[in-house]
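Structure at a glance
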Amino acid sequence: MGDQVVQHPNSRRNDQNNPSVIPIGLEVVYSACRKVYPDQINPLQVTAVVKYWLNGPDPLDYISMYRNDGDEDKGIPPHWHYVSFGMSDLHGDGRVHEYTGPEGPSGFGFELTFRLKKEPTETAPPTWPAELMQSLARYVFQSENTLCSGDHVSWHNPLDNSESRIQHMLMTEDPQLPSISTPLGFVNFVQITGVCNEELQAAQRWNGPAVIELLRTIPLAGGIWLVTDMRRGETIFELDPQLQEQVERGINNEGSNLSGVSAKCLWDCPRGESSDLEPSSPRITKLQSEQIKTALKIGLASEKCPLPPIQAKQEIEHNSGFKHEREGINLPAHTVPAISDMDTRRTFEQIHLKFNYEAGSLLPLAIRGRIKHGRHFTFKGVGGDIAITLVSSRVEGAFVDETTVYAAKGPWLQVLFDDIFVEQLIKDLAELGKDPPVELPKEYHWPERGLHISILSEEALS
């Protein structure tokens, strides 16, 4: 379990300079837990032997493990409740997190929690959830991508390394630990909920919060407190087949929250259609990849789905070098020469899109769940070298419009579909993603639209 040990909290040294003083951020989170568990003031904890600020591998100082008796009348089973300490600013002295004041987030602004169904024979909580939480914490610290309610995490492995079907995670609010304010900023409690592959796919195709609400309706899938049962052998769609129909209706009526995927894809412009663009997908730089990723994040945050313009920034903000201000994508000033290619728009009368089957099978979802609802969807090359963004005419900030439906800036191609073409595409591409899969290669042509889509084998795209 890495460099961690299990101990009671009163056996640890609370502060590197004064062991008798509990740091204010740590004390506030402890107080929130004591309100829920007044009879467990000294729970078992998993603690990092070498703290993160001393170059230890584990960002979380502690994970407390509480016994929760559940509520039989509400269908909540007895379970273990895990709470992390370290995603928020525990110390307030800059050793891990920059102090930003009481009005903003404390550290990353959240702590992780997890509820694991208690087996009848268990007398002590399993410790594997602590390592899972440390792994998520390492991802957040390294990427600086925070986790929020509604997010999903594709894990592709049983959470406890067993043979369980619970191999992914959805994030939601902890039902017993509300957001708290501290002198170091606010802290939310984000609960990890283990899910099956089919449930993850539903969250990706529709949206996380909606699937969380479906899970709450099924006692065997966690019930109203979303208690993870690693022994659960059936998905919510097997337990209640009508829920699949509800997901499909949700996608049709509300659209999908999946804004893009990494994919094996290429795009080509037939020779002669552009005077200054090579007839193959140009390579994308790491900087341009970050620009595209930032644009997509901003687009998700707005109901109008903007794809913001790229602009220079005069100061580097934090360690990432990126900060969202107004409607633009801001970059450090020293990178401005590198974005000249992204400032030059090149247009085409015809375009050829190429996908492997896995990516192509998402085209119906992209069209039906995103473009039809006035949103955008991006296929980003797995090598980080190209990007293809499909947009609706209602997307703000795109560099395509009704008169120029195919355009590129550097290696970033945008394709605009009007409402009439969207309905045609939904019909023409409906066979993709269904069983049995289409035989490859599969070609789709719309000569009057200047569009050609090829679904190819992995080898053909290599």
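Since the model is a prediction, treat every value here as computed from it, not as a measurement.

**Focus on the overall build of the protein**
Looking only at helices and strands, one finds 12 helices and 22 strands in the protein. Here the protein holds 462 residues, and the buried ones make up 52% of them. Once local pairs closer than 6 in sequence are excluded, the contacts in the protein between residues at least 24 apart make up 66%. Accessible surface computed for the protein: about 21,300 Å², of which carbon and sulfur atoms make up 49%.

**Considering the side chain of E111**
Tracing the backbone through its elements, the reader meets E111 in strand β5 (residues 105-117). By relative accessible area, E111 is classed as buried at 0%. Ignoring anything within four residues of it in the chain, the contact list for E111 reads S84, F85, G86, M87, S88, L90, V187, N188, F189 and V190.

**Description of the packing of aromatic side chains**
Here the distance between the centres and the angle between the planes together describe a pair of aromatic rings. For the structure shown, the criterion picks out 13 aromatic pairs. A ring pair is formed by F417 and F421, whose centres lie 5.5 Å apart and whose planes are at 80 degrees; its orientation type is edge-to-face. Side by side, F417 and F421 carry an identical accessibility label, which is buried. A ring pair is formed by Y444 and W446, whose centres lie 6.1 Å apart and whose planes are at 10 degrees; its orientation type is stacked.

**A closer look at unusual backbone geometry**
Following L440, the chain continues to P441 via a peptide bond in cis, the omega torsion being 0 degrees. Within the secondary structure layout, P441 lies in the loop between α11 (419-428) and β21 (442-446). Phi at H156 is positive, roughly 60 degrees, even though this residue is not glycine. Assignment of secondary structure puts H156 in the loop between β6 (152-153) and β7 (168-173). On the accessibility criterion, H156 (58% relative accessible area) is exposed. With a phi close to 60 degrees, N161 is a non-glycine residue in the positive phi region. Counting through the fold element by element, N161 comes out in the loop between β6 and β7. Given a relative accessible area of 64%, N161 falls into the exposed group.

**Quick word on the sheet that holds strand β20 (residues 412-417)**
One open sheet holds the 6 strands; their spatial order is β10-β17-β18-β20-β19-β15, and the pairing between them is mixed. Edge strands, defined here as strands with exactly one partner in the open sheet, are β10 (260-263) and β15 (345-348). Direction aside, the axes of adjacent strands within the sheet are offset by 20 degrees on average. Relative to β20, strand β19 (residues 406-409) runs antiparallel, the two sharing 4 bridges. Residue pairing in the sheet places A408 in a bridge with L413 of β20. Where helix α10 (residues 363-370) meets the sheet, it contacts β17 (376-381), β18 (387-392) and β20, and its direction lies at approximately 150 degrees from that of β17.

**Brief notes about the confidence of the model for the protein**
Across the protein, pLDDT averages 84, with 80% of residues at or above 70. Every residue in residues 11-17 scores below 50 in pLDDT, and together they form 16 contacts with partners more than four places removed in sequence or on other chains.

**Describing the environment of V29**
By secondary structure assignment, the location of V29 is in helix α1 (residues 24-36). Accessibility expressed as a relative area gives 1% for V29, which makes it buried. In this structure, the C-alpha to C-alpha distance between V29 and S84, residues 55 residues apart in sequence, is 9.2 Å. Beyond its immediate stretch of four places on either side in the chain, V29 contacts S84, F85, S88, I180 and F189.

**Quick word on the environment of I426**
The residue I426 is located in helix α11 in this model. A sequence separation of 63 residues divides I426 from L363, and the C-alpha atoms of the two residues are 8.8 Å apart. Sequence-distant contacts of I426, defined by excluding residues within four places in its chain, comprise I367, R368 and K372.

**Considering a nonpolar patch on the surface**
Residues V49, V50 and L54 make up a contiguous nonpolar surface patch of roughly 260 Å² in combined accessible area. In this structure, L54 sits in the loop between β2 (44-48) and β3 (62-68). Residue L54 is classed as exposed on the basis of its relative accessible area of 53%.

Each value, and the rule that gives it
Residues numbered from 1 in each chain as written. Predicted model: local features only at pLDDT ≥ 70, side-chain atom pairs only at ≥ 80, totals over all residues. Heavy atoms only, no water. Helix = DSSP H or I, 4+ residues; strand = E, 2+ residues; numbered from the N terminus. Buried < 20%, exposed > 50% of the residue type's maximum accessible area, 1.4 Å probe, protein only. Contact = heavy atoms within 4.5 Å. Areas by Shrake-Rupley, 256 points an atom, 1.4 Å probe, with all protein chains shown as cover. Phe/Tyr/Trp six-rings, centres within 6.5 Å; stacked < 30°, edge-to-face > 60°. Pairing = 2+ DSSP bridges. Axes fitted to C-alpha atoms, helices over the stretch in contact; angles between N-to-C directions. pLDDT = per-residue confidence, 0-100. Patch = residues over 30% accessible without salt bridge, like charges linked within 9 Å, V, L, I, M, F, W, Y side chains within 5 Å. Salt bridge = Lys/Arg side-chain N within 4 Å of Asp/Glu carboxyl O.

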